[in-house]
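# Coordinates in review
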Amino acid sequence: MSDRHDHSHGHGDGGHPHGHRDGGHGHVHQHEGHVREHAGHGHGHGDHGSEGHTHGPSPTGLRHRLSHLLTPHSHETAGKVDSALESSTRGMRALWVSLAVLGVTALAQAVVVVASGSVALLGDTVHNAADALTAVPLAIAFALGRRAATRRFTYGYGRAEDLAGLVIVLTIAASAVFAGWTAIDRLLAPRPVEHVPAVAVAALVGFAGNEWVARYRIRVGRAIGSAALVADGLHARTDGFTSLAVLLGAGGSALGWQLADPIVGLAITAAIALVLRDAAREVFRRVMDAVDPALVDRAERVLTEVTGVRGVGELRLRWIGHRLRAEVAVVVDGDVTVREAHRIAVDAEHTLLHAVPRLTAALVHADPAPSPGEADPHLPLAHHAVA
């Protein structure tokens, strides 16, 4: 193996965090996004770009120091790409690009609001500005996610993305309430829309900007496994629908039907509520450590193909931000040596890291296959089981 790995073994010498039972071996291997190179080929886990970050002679300029602080980087040898840091880089890039696009969109709409006095367009502008600002909690979450694990936060800070996802869901809910309140207010007190052509153009600009940002955020979010970024993309899409409502309402007003604007607004509020449901479900599942069952099936299947693995016991997967961790017990022959059990555990872990997308760490415990008349080696733990 060409890169550095942390192994922690318990062999009766005070090592932690795993031990052996009857030849079984528990093996934990931290693989936080590092790329392995096997037999002359590179292999990364997760979706990442091709750019890496290498260090040559240390410049002392202020520009380099700032770049070193603000840019995700790896201290491994040249050519190694840390996929976890790279995925954070992609997430940050998606946030800042979408922030710029939505900021320009909101600014262009604000100019038309001042000229036309359109209340509907004002609401759409507020939506776009709020959507742009949702980049802030996500940016904080991605920045926190890069921090190394500590003795207090032993799994790192990746779950900050889930907290950001909750903030985004609340923002979508607030947008739905605001859109519904605006539509009802307009329904009770109809007002003519002035400068309809300018309002229509501004509405199209709002829709185009939001739809582009939505596609971009959702694509990157799914690529790096960030539920929060996907939810933020869905939020941008709701604001695009709101822009279309402004366009349709303006058209109805131009034809003399002043109730067109509030009626369409109420319909769009219902659409926002549907998107809110989908976003909330996705974020809730992530907070509750839900994973795609197909990933569990894939992990079990590839583990059974590892030489020396006679069965797969308990298997758990969980998301920490946009990275996956695995814990699994595999059954091995009870007569193998500790070294052989360790080799099987390493092979099982290695297979998982290759087979499961965005898996960056795995803990593999080897259990001996039961022998006739042998007591269950886990019996001393039975009274700790949760009812």
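Above this text you will find the structure in question.
Let us look at the structure shown here. (Residues numbered from 1 in each chain as written. Predicted model: local features only at pLDDT ≥ 70, side-chain atom pairs only at ≥ 80, totals over all residues. Heavy atoms only, no water.)

### Focus: the overall build of the chain
Worth spelling out the cut-off: Counting from the N terminus, the helices are the DSSP runs of H or I reaching at least four residues and the strands are the DSSP runs of E reaching at least two. Methods summary: accessible areas were calculated by the Shrake-Rupley approach with a probe of 1.4 Å, and residue burial reflects only the protein chains presented.
Helix and strand content of the chain: ten helices and seven strands. On the chain, roughly 19,300 Å² of surface is accessible, and the fraction owed to carbon and sulfur atoms is 62%.

### A short note on the packing of helix 9 (residues 293–304) against helix 10 (residues 338–355)
So the rule is basically this: Under this scheme, a helix contributes an axis fitted over its contacting stretch, all axes are lines through C-alpha atoms, and angles between N-to-C directions fall in the 0 to 180 degree range. Roughly parallel here means an angle under 35 degrees, roughly antiparallel means over 145, roughly perpendicular means 65 to 115, and every remaining angle is called oblique. The crossing is said to be left-handed when, going from far helix to near helix, the turn is anticlockwise and less than a right angle, and right-handed when the turn is clockwise. By definition in these notes, contact holds between two residues if any of their heavy atoms fall within 4.5 Å. When residues are sorted by character, Ala, Val, Leu, Ile, Met, Phe, Trp, Tyr, Cys and Pro go into the nonpolar class, Asp, Glu, Lys and Arg into the charged class, and all the rest, Gly among them, into the polar class.
Interhelical geometry of helix 9 versus helix 10 gives an angle of 140 degrees and a closest axis separation of 9 Å. Taken together, the axes of helix 9 and helix 10 are oblique relative to one another. Our pair here, helix 9 against helix 10, has a crossing hand that is right-handed. Residues Arg298, Ala299, Val302 and Leu303 of helix 9 pack against Ala348, Thr351, Leu352 and Ala355 of helix 10. When the residues that make up the contact of helix 9 with helix 10 are grouped by side-chain class, the tally is six nonpolar, one polar and one charged.

### Considering the pairing of strand 5 (residues 311–320)
The following threshold applies: A pair of strands is treated as paired once DSSP finds two or more bridges between them.
Bridge count between strand 5 and strand 6 (residues 323–332): eight bridges; the pairing is antiparallel. Note that in strand 6 the partner of Ile320 across the bridge is Arg323. Between the antiparallel neighbours strand 5 and strand 6 lie two residues, among them Gly321 with a positive phi of about 70 degrees.

### A look at the pattern of salt bridges
The cut-off we apply is this: By definition here, a salt bridge exists when the distance from a side-chain nitrogen of Lys or Arg to a carboxyl oxygen of Asp or Glu is within 4 Å. Relative accessibility under 20% of the residue-type maximum defines a buried residue, over 50% an exposed one, and the middle range a partly exposed one, all with a 1.4 Å probe and only protein chains included.
Applying the stated criterion across every chain, the model contains ten salt bridges. Across the salt bridge formed by Asp162 and Arg159, the nearest N and O atoms sit 2.6 Å from each other. The class for Arg159 is partly exposed, based on a relative accessible area of 25%. The shortest N-O distance in the salt bridge between Asp347 and Arg343 comes to 2.4 Å. Here Arg343 and Asp347 lie together in helix 10, a separation of four residues that amounts to about one turn. For Arg343, a relative accessible area of 31% puts it in the partly exposed group. Three or more residues are tied together by salt bridges with common partners; here these are Arg159, Asp162, Asp289 and Arg318.

### Brief notes about unusual backbone geometry
The phi dihedral of Asp289 falls on the positive side, at around 65 degrees, and the residue is not glycine. Judged by its relative accessible area of 28%, Asp289 is partly exposed.

### Here's the deal with the environment of Thr337
Definition in use: A 3.5 Å cut-off defines polar contacts: any pair of N or O atoms within that distance qualifies, except that in protein one atom must be a possible hydrogen donor and the other a possible acceptor, and neighbouring residues in sequence count only when both atoms are side-chain atoms.
Position of Thr337 relative to the elements: it lies in the loop between strand 6 and helix 10. Look at Thr337 and you get partly exposed, because its relative accessible area is 49%. Engagement of the side chain of Thr337 in a polar contact is seen with the backbone nitrogen of Glu340, the distance being 3.1 Å.

### So, the environment of Thr150
Assignment of secondary structure puts Thr150 in the loop between helix 4 (135–145) and helix 5 (160–188). Thr150 sits in the partly exposed class, given a relative accessible area of 34%.

### Here we look at the environment of Leu266
Tracing the chain through its elements places Leu266 in helix 8 (residues 260–287). For the pair Leu266 and Ile184, spaced 82 residues apart in sequence, the C-alpha to C-alpha distance is 7.4 Å. With near-sequence residues (within four places) excluded, Leu266 lies in contact with Gly180, Ala183, Ile184 and Leu187.

### Regarding the packing of aromatic side chains
Stated precisely, the cut-off is as follows: Put simply, two rings from Phe, Tyr or Trp (the six-membered ring, in Trp's case) pair if the centres are within 6.5 Å, and we call them stacked under 30 degrees between planes, edge-to-face over 60, tilted for the rest. Placement of a charge over a ring requires the Lys NZ or Arg CZ to be within 6 Å of the ring centre, with the centre-to-atom vector within 35 degrees of the ring normal.
Enumeration over the complete set of coordinates arrives at three aromatic pairs. Seen from their ring centres, Phe153 and Tyr157 are 4.8 Å apart, and the 35 degrees between their planes marks the pair as tilted. Judged by relative accessible area, Tyr157 falls into the buried class, the value being 14%. Geometrically, the ring pair formed by Trp212 and Tyr216 is tilted, given 5.2 Å between the ring centres and 35 degrees between the ring planes. Here Trp212 and its partner Tyr216 are both found in helix 6 (residues 196–224), four residues apart, which amounts to about one turn of the helix. Here the guanidinium or amino end of Arg147 rests over the ring plane of Tyr157, the centre of that ring lying 4.7 Å away.

### Quick notes on the pairing of strand 7 (residues 359–368)
The condition that has to hold: With its strands directed away from the observer, a crossover is right-handed exactly when the path from the first strand over the helix to the second travels clockwise.
For strand 7, the buried fraction is high: nine of the ten residues fall into the buried class. Here strand 6 runs beside strand 7; their pairing, made up of nine bridges, is parallel. Paired with Leu324 across the bridge in strand 7 is Leu359. On the question of chirality, the crossover connecting strand 6 to the parallel strand 7 by way of helix 10 is right-handed.

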